[in-house]
Amino acid sequence: MHKIMTVDYIVVGLGLAGIAFIEQLEKNNKSYVVFENHSQNSSKVAGGMFNPVILKRFTPVWNGIKQIEIALPFYKTLEKKLNCNLIEYVNIYRNFKSIEEQNNWFIACDNPILSKYLDATIITNHNKHIIAPFGYGKVKNTGKIYTKKLIENYTSLLLKKEKLKYETFNYNKLQITASSISYENINAKKIVFAEGYGMINNPFFKNLPLKEAKGELIEIYAPDLKIDFLLKSAIFIMPLGNDYYKIGATFNWKDKTNQPTKEGKQELIEKLNKTITCSYKITNHMAGIRPTVKDRRPLIGVHKTHENIAILNGLGTRGVMLAPTLASILFQHLENNQPIDSEININRF
Ligand SMILES: Cc1cc2nc3c(=O)[nH]c(=O)nc-3n(C[C@H](O)[C@H](O)[C@H](O)COP(=O)(O)OP(=O)(O)OC[C@H]3O[C@@H](n4cnc5c(N)ncnc54)[C@H](O)[C@@H]3O)c2cc1C
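What you see is a predicted model; the values in this text were computed from it and never measured. (Residues numbered from 1 in each chain as written. Predicted model: local features only at pLDDT ≥ 70, side-chain atom pairs only at ≥ 80, totals over all residues. Heavy atoms only, no water.)

Looking now at the sheet that holds strand E3 (residues 49–50). Ordered by their spatial adjacency, three strands build an open sheet running E3-E10-E6, and the pairing between neighbours is antiparallel. Looking at strand neighbours, the two that pair on one side only are E3 and strand E6 (87–89), the edges of this open sheet. By the bridge criterion, two bridges tie E3 to strand E10 (residues 143–145) in an arrangement that is antiparallel. Bridged to Met-49 within E10 is Lys-144. (Pairing = 2+ DSSP bridges. Helix = DSSP H or I, 4+ residues; strand = E, 2+ residues; numbered from the N terminus.)

This next bit is on the pairing of strand E15 (residues 213–221). A large share of E15 lies buried, amounting to eight of its nine residues. Judged from the nine bridges that link them, E15 and strand E19 (residues 281–290) form a sheet pairing that is antiparallel. The residue bridging Ala-213 from the neighbouring strand is Arg-290, located in E19. When E15 meets strand E18 (residues 244–248), the two strands line up antiparallel, connected through five bridges. Looking across to E18, one finds that Leu-217 is bridged to Gly-248. (Buried < 20%, exposed > 50% of the residue type's maximum accessible area, 1.4 Å probe, protein only.)

Another aspect to go through is the packing of helix H1 (residues 16–27) against helix H5 (residues 147–160). Viewed as axis vectors pointing N to C, H1 and H5 meet at an angle of 45°, and their least axial separation amounts to 11 Å. In terms of orientation, H1 and H5 fall into the oblique class. The handedness of the crossing between H1 and H5 is left-handed. Between H1, through Leu-16, Ile-19, Ile-22, Glu-23 and Glu-26, and H5, the contact on the second element is made entirely by Thr-147, Leu-150, Ile-151, Tyr-154 and Leu-158. A class-by-class count of the residues in the contact of H1 with H5 yields seven nonpolar, one polar and two charged. (Axes fitted to C-alpha atoms, helices over the stretch in contact; angles between N-to-C directions. Parallel < 35°, antiparallel > 145°, perpendicular 65-115°, else oblique. Left-handed = near helix turned anticlockwise from the far one by under 90°. Contact = heavy atoms within 4.5 Å. Nonpolar A, V, L, I, M, F, W, Y, C, P; charged D, E, K, R; others polar.)

Let us look at the site of the ligand. The full set close to the ligand counts 37 residues, and Glu-36, Ser-43, Met-49, Phe-169 and Gly-316 are the nearest of them. Ser-43 places a polar side-chain atom, nitrogen or oxygen, 2.5 Å from an oxygen atom of the ligand. One of the backbone nitrogen or oxygen atoms of Gly-319 is found 3.2 Å away from an oxygen atom of the ligand. Within the residue set of the shell around the ligand, elements represented by two or more residues are H1, helix H2 (42–45), E15, E19 and helix H7 (319–336). Both domain 1 (5–45 + 148–210 + 294–348) and domain 2 (91–141 + 213–290) contribute no fewer than three residues apiece to the shell around the ligand. (Near = heavy atom within 4 Å. Polar contact = N/O pair within 3.5 Å; in protein donor to acceptor, adjacent residues only side chain to side chain. Domains from an automatic or database assignment.)

Below, the discussion takes up the environment of Glu-195. Along the chain, Glu-195 falls in the loop between strand E14 (186–193) and E15. Sequence separation between Glu-195 and Ala-132 is 63 residues; the distance between their C-alpha atoms is 40 Å. When residues no more than four places from it in sequence are discounted, the contact partners of Glu-195 are Val-12, Gln-40, Tyr-171, Asn-202 and Asn-313.

Taking 1.5 Å as the rise per residue, H1 with twelve residues should run 16 Å; its terminal C-alpha atoms sit 17 Å apart, in good agreement. Counting buried positions over the twelve residues of H1 gives ten, a clear majority of the element. Of all the positions in H1, only Leu-16, Ala-17, Gly-18, Ile-19, Ala-20, Phe-21, Ile-22, Glu-23, Gln-24 and Leu-25 are classed as buried. (Expected span 1.5 Å × (residues − 1).)

On to the domain arrangement of the protein chain, then. You can read the domains of the protein chain as domain 1 (5–45 + 148–210 + 294–348) and domain 2 (91–141 + 213–290). Once you take the C-alpha centre of each, domain 1 and domain 2 turn out to be 32 Å apart. On the surface where domain 1 and domain 2 come into contact, there are zero salt bridges. Counting every contact that joins domain 1 to domain 2 gives three residue pairs in polar contact (both at pLDDT 80 or more). Its residues assigned to classes, the side of domain 1 that touches domain 2 comprises two nonpolar, six polar and no charged. (Salt bridge = Lys/Arg side-chain N within 4 Å of Asp/Glu carboxyl O.)

For Asn-127, the position within the fold is in the loop between strand E8 (118–123) and strand E9 (136–139). Classification of Asn-127 by relative accessible area gives buried; the value is 16%. Here His-129 takes part through its backbone nitrogen, which lies 2.8 Å from a polar atom of the side chain of Asn-127. Setting aside anything within four residues of it in sequence, one finds Asn-127 in contact with Leu-225, Lys-226 and Ile-227.

Put into structure tokens, the structure is as follows:
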């Protein structure tokens, strides 16, 4: 017989959502155990960018600036805790396709919400390896989070603390009463599911309208390219250092596997070849599924009949910015009965 383990929370999933929620538990001295089975890897392959501007239309991301203001101190705290660098500030250069886009950029620069982020000067391209006849618009105060490093180091920390179980959470084994739940030898007050696209197997929440979007990325070695900004055209080109770059990402709403495909790679190569002219070597190819939602808002809340079963999902294309804010909202709801905005509450479905 295994010894009974009693905790405040079970957390299922150790991606950006799971980590953000665990940090709430840590901050509030709650005990917990985490399940992770490596079935999804969205958070590990993500570009990790944080940027409050929609680069297609030059409009603000929903609540983006507020989310960044919460996210940056969150990742800074994790840098200290994990003793590693997780945040890198890098400007984004948006490659204009036309004069019309340049004009739209100037209009966007007048938007007071975005003034801290958009630079009104059109930057002329001087790099002979980049095709950019209409120049660039610069987005400032943006950057990226090293999500893979974050997850790897966070995993080591949880293993050291003996709080992580490397196994598939089996939903059939969950027993629920009004005041507690149990799973094998674990008794807990509440459970939070943060399984990303893995949610489709979860009998408590699988009817929520997750509209998964597979994304593929490649990494290249391009010694002649020499850019130190994140270039956004039909794809993004993100410098990784030492002449390596990450190129992404595709959107595929049909393929539900995590496997990189020939077609995905081909699409990225074609778009890349329309952006740069120097030679390069592909050094890596990855894929993951973004947990996006029909109405492009997150999925937060508790099960309609079991109040001790909660979900933190639907982070979509912007998990880096969203996760810390959403984790705090969910925690405040579960512990202090604070309301969840109807725009993100799962009870809207
Ligand atoms: C190609 C690509 C590029 C992206 N670029 C960016 C970007 O630049 N910026 C940005 O902010 N976002 C980006 N995203 C989106 C971002 O990755 C997601 O929003 C975020 O990672 C979702 O995090 P999550 O924790 O909800 O899900 P996940 O990262 O999928 O984590 C869920 C975890 O739950 C585990 N799990 C699932 N079911 C079970 C089970 N039954 N038992 C145990 N464990 C289970 C999975 O193994 C997984 O580790 C990108 C995504 C992709 C695919």
